[in-house]
Amino acid sequence: MADVSARAPSSDGALVTLLNFVLTWMNTIGSLWVFALMVMINVDAFSRTLFAHPFHGVLELVELSIVGIVFLQLGDATRRGRLTRSEGFFNIVRARKPTAHRFLGAAFDLIGAIFLAIVLVGAVPEMIDAWVHNYYVGDEGVFTAPEWPIKVIIVLGCFVTLLQFLAFGYRYLRPGAGAEPETTPTGG
């Protein structure tokens, strides 16, 4: 089912509207990056086949790109309810105990936020270290690419996804919330 509410005007305020804007743009950049990656891989394959000369650095750029794309699109996937999650028990609780459903949903979102906070605690020092020591991938003299831009994307992706989980948790627990938030993490 399409998440129509993600396009509807939000009653959550300016911060959630800004978060939605950032998540949409990060997802768009990730999608364009996928397209650029496909072009790069195909050009490299044709170059190898037709001219027996590969483009240097394609493997390294693909490795970095996969990580970058995942973290660029993680927050939007969370917002649209595209994370893997079992709904069986959650739906039973929703039907039978709406208040318990709200607290269970908030607990799920809080655990998601805690998990991303733990990832951030590890990712921020790695990002700083990659910047300070100018770490790179590839072979010096052939092709090198710095690691720090991907590390920045990892930190940014974790941070905005953490904010998205907190926004969902707030929707479940905010005063006056019914049995269901307006937009749930499951897209319903």
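Right above here is the structure, for reference.
Computed from a prediction, not measured in an experiment: that's the story for all the values here.

A. Geometry of the overall build of the protein chain. Scanning the protein chain for helices and strands turns up 5 helices and 2 strands. Its helices and strands taken in sequence order, the protein chain reads α-α-α-α-β-β-α from the N to the C terminus. When each of the 188 residues of the protein chain is scored for burial, the buried share is 36%. Intrachain contacts of the protein chain at a sequence separation of at least 6 include 73% that bridge at least 24 residues.

B. Highlighting the pattern of salt bridges. All told, the structure shown has 4 salt bridges when counted by the stated rule. Of the charged contacts in the structure, one is a salt bridge between Lys151 and Glu126, with a shortest N-O distance of 3.1 Å. Of the two residues, Lys151 sits in helix α5 (residues 148-173) while Glu126 sits in helix α4 (residues 98-132), which places them 25 residues apart along the sequence. Beyond isolated ion pairs, a larger network of salt bridges with shared partners links Asp76, Arg79 and Arg80.

C. Region of interest: the pairing of strand β2 (residues 143-146). Judged from the 4 bridges that link them, strand β1 (residues 136-139) and β2 form a sheet pairing that is antiparallel. Of the residues in β2, the one forming a bridge with Gly138 is Thr144.

D. Highlighting the nonpolar core. Residues Phe71, Leu116, Ile154 and Cys158 are the most contacted members of the largest nonpolar core, which totals 22 residues. For this core, the secondary-structure elements that each account for two or more residues are α1 (14-51), α2 (58-79), α4 and α5. When residues of this core are assigned to their parent elements, the largest contribution, 8 residues, is made by α5.

E. Expanded view of the packing of aromatic side chains. Counted under the stated rule, the structure contains 3 aromatic pairs. Ring centres 4.8 Å apart and planes at 85° place the aromatic pair Trp131 and Trp148 in the edge-to-face group. One end of the pair, Trp131, is in helix α4; the other, Trp148, is in helix α5, with 17 residues separating them in the sequence. Judged by relative accessible area, Trp148 falls into the partly exposed class, the value being 29%. Note that Arg102 overlies the ring of Phe103, its terminal NZ or CZ placed 6.0 Å from the centroid.

F. The arrangement of the packing of α1 against α5 in detail. For the pair α1 and α5, the least separation of the axes is 11 Å and the interaxial angle reads 140°. Taken together, α1 and α5 sit at an angle that is classed as oblique. The hand of the α1/α5 crossing is left-handed. Where α1 abuts α5, its residues Val16, Leu19, Asn20, Val22, Leu23, Met26 and Trp33 lie against Ile150, Ile153, Leu156, Gly157, Val160, Leu163, Gln164, Ala167 and Arg171. By residue class, the composition of the contact of α1 with α5 is 12 nonpolar, 3 polar and 1 charged.

G. Here's a closer look at the side chain of Gln164. Within the secondary structure, Gln164 is located in helix α5. For Gln164, the contacting residues outside a window of four places in its chain are Leu19, Asn20, Leu23, Gly75, Thr78 and Arg79.

H. How the structure looks around a nonpolar patch on the surface. On the surface, Val34, Phe35, Met38, Val39, Val43 and Phe55 cluster together into a nonpolar patch covering about 540 Å² of accessible area. Note on placement: Phe35 falls in helix α1. Exposure remark for Phe35: the relative accessible area of 52% places this residue in the exposed category.

Here is what the cut-offs are and how they apply
By convention here, each chain's residues receive numbers from 1 onward along its written sequence. Predicted model: local features are reported for residues with pLDDT of at least 70 only, side-chain atom pairs are reported and counted for 80 or more only, and whole-chain, interface and lining totals are derived from all residues. Hydrogen atoms and water are omitted, and side-chain values are computed over all heavy atoms in the structure. Helix and strand assignments follow DSSP, with helices taken as H or I runs no shorter than four residues and strands as E runs no shorter than two, numbered in order from the N terminus. Exposure is judged per residue with a 1.4 Å probe applied to protein chains only, and the accessible area is read against the type maximum: over 50% gives exposed, under 20% gives buried, and values in between give partly exposed. Pairs of residues are marked as contacts when any of their non-hydrogen atoms sit within 4.5 Å. Between Lys or Arg on one side and Asp or Glu on the other, a salt bridge is scored when a side-chain nitrogen of the former is within 4 Å of a carboxyl oxygen of the latter. Think of it this way: DSSP has to see at least two bridges between two strands before they count as a pair. Definition used in this section: a nonpolar core is a set of buried Ala, Val, Leu, Ile, Met, Phe, Trp, Tyr and Cys residues joined via side-chain atoms within 4.5 Å. Any two rings among Phe, Tyr and Trp, with Trp reduced to its six-membered ring, count as a pair given centres within 6.5 Å; such a pair is stacked if its planes are under 30 degrees apart, edge-to-face if over 60, and tilted if neither. Charges are assigned to positions over rings by a cutoff of 6 Å between ring centre and Lys NZ or Arg CZ, combined with an angular limit of 35 degrees from the ring normal. Here an axis means a line fitted to C-alpha atoms, over the contact stretch when the element is a helix, while the angle between two N-to-C directions is reported on a 0 to 180 degree scale. Any angle from 65 to 115 degrees is called roughly perpendicular, while one under 35 is roughly parallel, one over 145 is roughly antiparallel, and all others are oblique. With the far helix as reference, a near helix turned anticlockwise by less than a right angle produces a left-handed crossing, and one turned clockwise produces a right-handed crossing. When residues are grouped by polarity, Ala, Val, Leu, Ile, Met, Phe, Trp, Tyr, Cys and Pro land in nonpolar, Asp, Glu, Lys and Arg in charged, and all others, Gly among them, in polar. Residues qualify for a patch when their relative accessible area is over 30% and they have no salt bridge, like charges being joined within 9 Å and the nonpolar side chains of Val, Leu, Ile, Met, Phe, Trp and Tyr within 5 Å. Values of accessible area rely on a 1.4 Å probe in the Shrake-Rupley scheme; residue burial ignores everything except the protein chains shown.

Function-wise, these values are silent; they only describe arrangement.
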